[in-house]
Amino acid sequence: MSTLDSLAPTPGQGGAPLDALRFENRFLAELPGDPVSGPRRREVRGALWSRVSPEPVPAPTVLVWSREVAQMLGLNAQAMGSDTLRDVLAGNALLPGMDPFAGNYGGHQFGHWAGQLGDGRAISLGEQLLADGRRFEWQLKGAGPTPYARTADGRAALRSSIREFLCSEAMHHLGVPTTRALSLVATGQAVVRDVMYDGHPAPEPGAVVCRIAPSFLRFGHFELPSARGETDLLRRLADFTIARDFPHLATAAGAPAAGSEALYAEWFGEICARTARMVAEWMRVGFVHGVMNTDNMSILGLTIDYGPYGWIDDYDPDWTPNTTDAQGRRYRFGWQPAVARWNLVRLAQALSPLFGDAAPLQDGLARFGSTYADADRDIVARKLGLAECREDDIALVRDLHALMHASSADMTLCFRALAEVRPQAVPSAGGVSGNAGKGADDAADAFARCPSLRNVFYDPAQRDTHADAWMQWLRRYAARLADDALTPELRAARMAAANPLYVLRNYLAQQAIDRAGHGDLGEVHALLELLRRPYDAQPGREAYAGLRPDWARERVGCSMLSCSS
């Protein structure tokens, strides 16, 4: 591994040279590290990181990159197309100031303490400091073994790397807090994976994703030193995290003193609030993380580690995309808020040595509950196109969820279709709404009066069975709209901004992966472009907004996925 000396762009490229990028690695400079370097597997105590270099690959090729992330980092198209940056993004070279390392952390996996885990195939290159003071850590996923790789090779498959790259950017454009992805690089090197853990390993193309975030600190970073009784290390990490990643807590007027229990309490409360808002956004768009272990939970409240994730097609609160979770379904869609709180309880336990009693931590957990409740009510109002969420609206949306589940309705398409409903268009029953005197129409008329709604069901027989229930619910909804302050135009705009038309359904990602496996990146680029505007109808791309096709119902990669990558 070498640091490149000549980093200026070639004549005519324009833009700042790559060696103008400034890296300031506070995590390494201010916190204790492993005295041993290199990828040899080992238990690391009394340290939060280990120096390890990415392992060079034979034939790196940049397959796709995010123009928005590049722009955020001060990189233009010429820089992104340079051999220099290609080698950095593949793990074959470093920019000046980069100092690669792997983080040391633990975690609870599927509800059980797993001990030391760490960055098994993620290597952070350094913290880029922008002129405006923002800080972004560059991290390569799939760049080779680290001391925390255990029995794995530290590499990543192209299929999982495509999924991570696309989902990171898709979530950002949906408005969900997330880490970002700068680039996807093919390594020219095969990896051997047993995709479904069924005893059939096979070689696959390898790849590296460059992930970007202000910080990749996880709940597990705090759990490990706490579990080991390394309280001084825990305190140093907490003080560092507040100073670097939550500076507003310590610098605000009247802020608690540095290192005080009051400041730790404010910090934990904010972590709880950020986590609540993140998970509420997952629920809004129908996203299922799939592996909500504490080592996959960001201290900053960002969605992190895109493994066997998925999007709800037919609404099912018990669905999980993770084959490893198929029996217990711990991380199913409907349980995500409860699991997030469970994980925060584990973090509270880890931080408890910094507190004299549990009350401040309990206050933080209560903040999670209140923040989630507030976010959920706001989301109900936005998704239904209401000026505000009243108490009865909670029951209205819960009944809608139950009806979608019973009738196999697609969540994304159903909420988009509801924007067509107008109070005067839905017949009343006994004067429930503004059409008193017209009488109750046939139940099937519900779909005639909201045409798009008729096409959001995976099983027409179930749709017809529940047609009367849909008619009853639509009457309630129409009556509520008639009593709302928003104009039809404002309501439509509010709903369109809250209910995406395009999401990264598993089958769409799998189609892109299949084509990429044959050297065709066209669908990866097409999805990246599509998902930049997930709320806008895009003429010519209507097929991306359709129901999941029948062939994808049970196919590997289109329904459930393993953690193999």
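Scroll up a little and you will see the structure.
This write-up is about the structure you can find in this document. Computed from a prediction, not measured in an experiment: that's the story for all the values here.

### Here we look at the nonpolar core
Thought 1: With 131 residues, the main nonpolar core has Phe-27, Trp-267, Trp-311, Leu-384, Leu-418 and Trp-470 as its most contacted residues.
Thought 2: The element contributing the most residues to this core is helix H9 (residues 261-285), with 13 residues.
Thought 3: Setting aside residues no more than four positions away along its own chain, Trp-311 makes contact with Cys-167, Met-171, Leu-174, Val-285, Gly-286, Phe-287, Trp-319, Val-503, Leu-504 and Asn-506.
Thought 4: With 36 residues, the next largest nonpolar core counts Val-52, Leu-95, Trp-138 and Val-185 among its residues.

### Let's talk about the packing of helix H5 (residues 158-174) against helix H19 (residues 522-530)
Thought 1: Axis separation between H5 and H19 bottoms out at 9 Å; the angle between their running directions is 15 degrees. Considered as vectors, H5 and H19 are oriented roughly parallel to each other. With respect to the hand of their crossing, H5 and H19 are arranged in right-handed fashion. Here H5 contributes Ile-162, Phe-165, Leu-166 and Glu-169 to the contact with H19, which in turn contributes Val-524, Leu-527 and Leu-528.
Thought 2: In terms of residue class, the contact of H5 with H19 is built from six nonpolar, no polar and one charged.

### Notes on the packing of helix H11 (residues 359-384) against helix H17 (residues 488-498)
A pair of packed helices is captured by two measures, namely the crossing angle of their axes and the spacing between those axes.
Thought 1: Where H11 contacts H17, the two axes come as close as 6 Å, and the packing angle between them is 120 degrees. Here H11 is positioned oblique relative to H17, judged by the angle of their axes. Seen from H11, the contacting residues are Asp-378, Ala-381, Arg-382, Lys-383 and Leu-384; seen from H17, they are Arg-491, Arg-494, Met-495 and Ala-498.
Thought 2: A class-by-class count of the residues in the contact of H11 with H17 yields four nonpolar, no polar and five charged.

### Description of the side chain of Thr-294
Thought 1: Take Thr-294: it is sitting in the loop between strand S13 (287-288) and strand S14 (310-311).
Thought 2: On the accessibility criterion, Thr-294 (0% relative accessible area) is buried.
Thought 3: At a separation of 2.6 Å, a polar atom in the side chain of Thr-294 contacts the side chain of Glu-223.
Thought 4: In this view, Thr-294 contacts Gly-107, His-108, Arg-218, Phe-219, Gly-220, Glu-223, Asn-343 and Arg-346; residues no more than four positions away in its chain are not counted.

### Here's the deal with the pairing of strand S11 (residues 180-193)
Within a regular beta strand, the side chains point alternately toward one face of the sheet and then the other, so they alternate between its two faces.
Thought 1: The buried fraction of S11 is high, at 10 of 14 residues.
Thought 2: Judged from the four bridges that link them, strand S3 (residues 61-65) and S11 form a sheet pairing that is antiparallel. Within the sheet, the bridge partner assigned to Val-62 lies in S11 and is Val-185.
Thought 3: Sheet topology places S11 next to strand S12 (residues 202-213); 10 bridges connect them, and they run antiparallel.

Each value, and the rule that gives it
Residues numbered from 1 in each chain as written. Predicted model: local features only at pLDDT ≥ 70, side-chain atom pairs only at ≥ 80, totals over all residues. Heavy atoms only, no water. Core = buried A, V, L, I, M, F, W, Y, C linked by side-chain atoms within 4.5 Å. Buried < 20%, exposed > 50% of the residue type's maximum accessible area, 1.4 Å probe, protein only. Helix = DSSP H or I, 4+ residues; strand = E, 2+ residues; numbered from the N terminus. Contact = heavy atoms within 4.5 Å. Axes fitted to C-alpha atoms, helices over the stretch in contact; angles between N-to-C directions. Parallel < 35°, antiparallel > 145°, perpendicular 65-115°, else oblique. Left-handed = near helix turned anticlockwise from the far one by under 90°. Nonpolar A, V, L, I, M, F, W, Y, C, P; charged D, E, K, R; others polar. Polar contact = N/O pair within 3.5 Å; in protein donor to acceptor, adjacent residues only side chain to side chain. Pairing = 2+ DSSP bridges.

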